[in-house]
Amino acid sequence: MKHLTSLLDLTPDELLQVLNRAEELKQELRRGHRPQLFPGRVLVQLFEKPSLRTRNSFEAAMIHLGGAGIFQTTAEAGLNGRESLSDVAKVISSFADIITMRTFSQQLIEDFARYSSCPVINGLSDDRHPCQALTDLLTIREHRGQLSGQHLVFVGDGNNVSMSLALAAAMTGMQLTLAAPAGFEFTAQFMSLLTSRYPQHRTAVVHDPVQAVRTADIIYTDVWASMGQEADAERRRRAFAGFQVNAALMQAAPAAALFMHDLPAKRGLEVTDDVMDSPRSIVFDQAENRLHLAKGLFAWLLDHSR
Ligand code: CP
Ligand code: NVA
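Please read these numbers as outputs of a predicted model, since none were measured by experiment.

If you walk across this open sheet you meet the five strands as 7-6-5-8-9, and the pairing is parallel. Pairing within the sheet leaves two strands with one partner each, and these edge strands are strand 7 (202-206) and strand 9 (258-261). Sheet twist, expressed as the average angle between the axes of neighbouring strands with direction ignored, equals 20 degrees. Relative to strand 7, strand 6 (residues 175-179) is paired through five bridges, and the arrangement is parallel.

Structure, rendered in structure tokens:
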């Protein structure tokens, strides 16, 4: 049984197969075709955090492919202690063909997947956001023609999004620089995992965003306080004050460098309106690609789970 709890569940070759499947289905849709690959199939989504893009792109993807989606919060589903995790996973996976989950704990998704009889996809945890990273690879490949050799500079927090991008970069020959304030870098534990799985990775962690973007092909940022960190937002706002992606920072980068953000954005904090809405911003291509990536991922996972 194949799951996607983290990008480490895929080999680099499998990762490219998912991207290619997504690209094929995107082109099909451009031609007006919605191949009915999965009539009657059921997507169950179990979320404990809010979502616009992830939840709706997954459900739309399943509808495009001929199936349908059911949504429940993790608490409604019984993961608040009403039942054991293994009982919930066994029961719900007997109704579903694919399960997506959004949780605080990465471990919860990995434990759930062990008891599930159908593929489980991580739709964001505190530590990983693999579907966002896969979507970002698809978007970068479309805009740049290739992945290998591209330099992605992530200006912000060493969080779920940047960690998954670092794994994605290591798997595809990209260079990734995290420009973060002291105390918000990748953890030593993450760096040793990355190095043990992909010793050839080209990941650097620096503290000077202006210097970092000088050789960037892509400048990427995300919120300074992730879901669950609201109580720490003020402290983070102060710590990240010099890490805003604004016109001056874009000016320090090569003229061809593009701007990316997984969204939702806090306009005026990590990024200014003029950057978000500039011709160099590809944030809405990223958001649209969540749909195409979800279709490619469902198709690939179900093909590999028969
Ligand atoms: N980028 C992303 O995952 O957005 P949502 O939180 O709206 O799903
Ligand atoms: N780092 C953000 C990503 C949201 C899609 C969060 O976890 O809230």
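Attention now moves to the side chain of D157. Residue placement: D157 occurs in the loop between strand 5 (151-155) and helix 7 (160-172). Look past the residues within four positions of D157 in its chain and what remains in contact with it is S162, L178, F184, V223, W224, Q229, R236 and F240.

Our next topic: the packing of helix 6 (residues 130-144) against helix 7. Where helix 6 meets helix 7, the axes come as close as 9 Å, and the angle between the chain directions of the two elements is 45 degrees. With respect to helix 7, the axis of helix 6 lies oblique. In this structure, helix 6 meets helix 7 at a crossing whose hand is right-handed. Contacts between helix 6 and helix 7 pair P130, A133, D136 and L137 from the former with S164, L165, A168 and T172 from the latter. Tallied by class, the residues present in the contact of helix 6 with helix 7 amount to five nonpolar, two polar and one charged.

Another point: the side chain of D222. Relative to the elements of secondary structure, D222 occurs in the loop between strand 8 (218-221) and helix 10 (233-239). For D222, which is buried and forms no salt bridge, the nearest opposite charge comes from R236, at a distance of 8.9 Å. A distance of 2.8 Å separates the side chain of D222 from the side chain of N159, its partner in a polar contact. Setting aside residues no more than four positions away along its own chain, D222 makes contact with F154, N159, N160, V161, H261, D262 and E270.

Attention shifts here to the nonpolar core. L134, L152 and F298 are the most contacted members of the largest nonpolar core, which has 59 residues in total. Excluding residues that lie within four positions of it along the chain, L152 makes contacts with I140, L165, M174, Q175, L176, T177, I218 and Y220. If you look at the next biggest cluster of nonpolar residues, it comprises 23 residues, including A216, A252, F259 and V283.

Moving on, we come to the site of ligand 1. The immediate surroundings of ligand 1 are formed by S51, L52, R53, T54, R102, H129, Q132, D262, L263 and R290. Interatomic distance of 2.7 Å between a side-chain N/O atom of T54 and an oxygen atom of ligand 1. The contact in question runs from a nitrogen atom of ligand 1 to an N or O atom on the side chain of Q132, over 3.0 Å. Broken down by class, the residue content of the shell around ligand 1 amounts to two nonpolar, four polar and four charged.

This paragraph deals with the pattern of salt bridges. Scanning the model with the defined rule gives 15 salt bridges in all. Among the salt bridges present, the one from E24 reaches R21, with a minimum N-O distance of 3.1 Å. On the criterion of helical spacing, the pair formed by E24 and R21 is a turn pair, its members being three residues apart in helix 1 (residues 12-30). Of the charged contacts in the structure, one is a salt bridge between E142 and K26, with a shortest N-O distance of 2.9 Å. Of the two residues, E142 is situated in helix 6 and K26 in helix 1; the sequence distance between them amounts to 116 residues.

The subject of this paragraph is the sheet that holds strand 3 (residues 98-102). Two pairing modes exist for strands in a sheet, parallel and antiparallel, and in both the strands are linked by backbone hydrogen bonds. Reading across from one edge, 2-1-3-4 is the order of the four strands in this open sheet, with parallel pairing throughout. On the outer flanks of this sheet lie strand 2 (68-73) and strand 4 (120-122), each paired with one strand and no other. Pairs of neighbouring strands in the sheet enclose a mean axial angle of 20 degrees, with direction left out of account. Contacts from helix 5 (residues 106-115) reach strand 1 (42-47), strand 3 and strand 4 within the one sheet, and its direction differs from that of strand 4 by about 170 degrees.

Turning to the packing of aromatic side chains, a few remarks are in order. Counting across every chain of the model gives seven aromatic pairs. Ring plane angle 35 degrees and centroid distance 5.8 Å describe the contact between F58 and F298, whose orientation is recorded as tilted. With F58 in helix 2 (residues 53-64) and F298 in helix 13 (residues 283-303), this pair connects stretches of sequence that are 240 residues apart. The two residues F58 and F298 agree in class, both being buried. Between F240 and F243, the aromatic rings sit 6.4 Å apart at their centres with planes inclined by 80 degrees, giving edge-to-face as the arrangement. Taking relative accessible area as the criterion, F243 reaches 8% and is therefore assigned buried.

Parameters at a glance
Going along each chain's sequence as written, the residues are numbered from 1 onward. Whichever chain is written first becomes A and whichever ligand is written first becomes 1, with later ones labelled in order. At least 70 in pLDDT is required for a residue's local features to be given in this predicted model, at least 80 for side-chain atom pairs to be given and counted, and no such filter applies to totals for whole chains, interfaces and linings, which use all residues. Only hydrogens and water are set aside; all other atoms, that is, all heavy atoms of the structure, feed into the side-chain values. Two strands form a pair only when DSSP identifies at least two bridges running between them. To qualify as a helix, a DSSP run of H or I must reach at least 4 residues; to qualify as a strand, a run of E must reach at least 2; elements of each kind are numbered from the N terminus. For helices, the axis comes from a line fit to the C-alpha atoms of the stretch in contact; other axes are also lines fit to C-alpha atoms, and the angle between any two N-to-C directions lies between 0 and 180 degrees. Two residues qualify as a contact provided that any one of their heavy atoms is within 4.5 Å of a heavy atom in the partner residue. If an angle is under 35 degrees, it is roughly parallel; if it is over 145, roughly antiparallel; if it lies from 65 to 115, roughly perpendicular; otherwise it is oblique. If you view the pair so one helix is near and one far, a crossing is left-handed when the near helix is turned anticlockwise from the far one by less than a right angle, and right-handed when it is turned clockwise. Amino acid classes used here: Ala, Val, Leu, Ile, Met, Phe, Trp, Tyr, Cys and Pro are nonpolar; Asp, Glu, Lys and Arg are charged; the rest, including Gly, are polar. Exposure classes here rest on a 1.4 Å probe applied to the protein chains alone. A residue is buried below 20% of its type maximum, exposed above 50%, and partly exposed in between. Under the convention used here, Asp and Glu are negative, Lys and Arg are positive, and both His and the chain ends fall outside the count. What makes a salt bridge here is a side-chain nitrogen of Lys or Arg within 4 Å of a carboxyl oxygen of Asp or Glu, nothing more. Throughout this description, a polar contact denotes any pair of N or O atoms lying within 3.5 Å of each other; where both atoms belong to protein, one of them has to be capable of donating a hydrogen while the other can accept it, and for residues adjacent in sequence the pair is counted only when both atoms sit in side chains. Grouping buried Ala, Val, Leu, Ile, Met, Phe, Trp, Tyr and Cys residues that are joined through side-chain atoms within 4.5 Å yields what is termed a nonpolar core. Nearness of a residue to a molecule or strand requires only that one of the residue's heavy atoms be within 4 Å of it. Two aromatic rings, drawn from Phe, Tyr or Trp (for Trp, its six-membered ring), form a pair once their centres lie within 6.5 Å of each other, and the interplanar angle then sorts them: stacked below 30 degrees, edge-to-face above 60, tilted otherwise.

Structural measurements only, silent on function.
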